[in-house]
Amino acid sequence: MTSLQRREQLIQVGRALFAAKGFEAVSVEEIAANAKVSKPIVYEHFGGKEGLYAVIVDREMRALTDALTATLSDPDMHPRQIVEKAALALLTYIEENAEGFQVLVRDSPSTDPAGSFNSLLGDISMRVEDLLTAAFKRQKLSTKGVPYYAQMLVGMTVFTGQYWADRPKVNKEQLAAYIVDLAWHGLSRLDSKPTLRFEGQRAQQIAAKAAREAAKDAAKSAAKGVAEDAAQESDSSSTPASAEPESDPSSPVESEDAN
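A brief look at the structure comes next. What you see is a predicted model, and the numbers here were worked out from it, not measured in a lab.

## Quick word on helix 8 (residues 146–166)
Between its first and last C-alpha, helix 8 extends 31 Å over 21 residues, near the 30 Å set by a 1.5 Å rise per residue. Turning to helix 8, its buried residues are Val146, Tyr149, Ala150, Leu153, Val154, Thr157, Val158, Gly161 and Trp164. Looking straight down helix 8, one finds its buried side chains confined to an arc of 155°; they lie on one side. Exposed positions of helix 8 whose direction lies more than 90 degrees from the buried face are Tyr148, Phe159, Tyr163 and Asp166.

As structure tokens, this is what we get:
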């Protein structure tokens, strides 16, 4: 086996171990044993497991970055098509590089100050933010929330991809359709200034105001009812009682003596 082939073998072995157990749980001894080489060979090629891990992460980062940024490079593309292509690109990477993706999403070692995967997501989110800003301006929507919307879209896609990687019960195109359906219908119906309807301080203030208005209406209705009852009672008491009919002097009266 050539030196280059040996290096590639160690990368493959290390990637499988890091994906399955995480960086901290893997030792140089384990890497060497799985590759059927001595520990000095690992040190010779990478200087230790940290060096091997860095090479693996760098390779996976470049593969995923290339896949995602290519989908975000055309600002004239229909926004929905961009969302579809980005979701499919990520899911394709996960499908074809399952171990590499597991390495990326696991906790980074303390020797990795950049926080590799988080750094990548930050870069992708910034690109999505640029695209959303342009789209919001075209639709005359406030751009105040754009950075958060960008994080939501990226986070939703990535975490859904992580879940799918362990539970691939649907194919990637169907999953991409689920992601896009939720994201697109949400984006296409955005309010310029969204508010919470039932929870939060503003919602409580609106509810309290509505309750006060309802109480006022109820009080007005009650007062009106009392007034109407009083008016009816007053009308009833002012009507004179029926008088006894008076005798008609012209009508004949029978006398006891008549006979």
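Moving on from the coordinates now.
## Looking at the packing of aromatic side chains
Using the criterion set out here, one finds 5 aromatic pairs in the structure. Their ring planes at 85° and their centres at 5.3 Å tell us that Phe18 and Tyr53 sit as a pair that is edge-to-face. Here the residue Phe18 occupies a position in helix 1 (residues 3–21), and Tyr53 occupies one in helix 4 (residues 49–71), the gap between them amounting to 35 residues. Each member of the pair, Phe18 as well as Tyr53, carries the same accessibility label: buried. Arranged with centres 6.4 Å apart and planes meeting at 75°, the rings of Tyr93 and Phe101 form a pair that is edge-to-face. Each member of the pair, Tyr93 together with Phe101, is buried. Taken together, the ring pairs in this structure connect Phe18, Phe23 and Tyr53 into an aromatic cluster. Its guanidinium or amino end placed over the ring of Phe23, Lys49 lies 4.4 Å from that ring's centre, counting from NZ or CZ.

Procedures and definitions
- Residues numbered from 1 in each chain as written.
- Predicted model: local features only at pLDDT ≥ 70, side-chain atom pairs only at ≥ 80, totals over all residues.
- Heavy atoms only, no water.
- Helix = DSSP H or I, 4+ residues; strand = E, 2+ residues; numbered from the N terminus.
- Expected span 1.5 Å × (residues − 1).
- Buried < 20%, exposed > 50% of the residue type's maximum accessible area, 1.4 Å probe, protein only.
- Arc of directions from axis to C-beta.
- Phe/Tyr/Trp six-rings, centres within 6.5 Å; stacked < 30°, edge-to-face > 60°.
- Lys NZ or Arg CZ within 6 Å of the ring centre and 35° of its normal.

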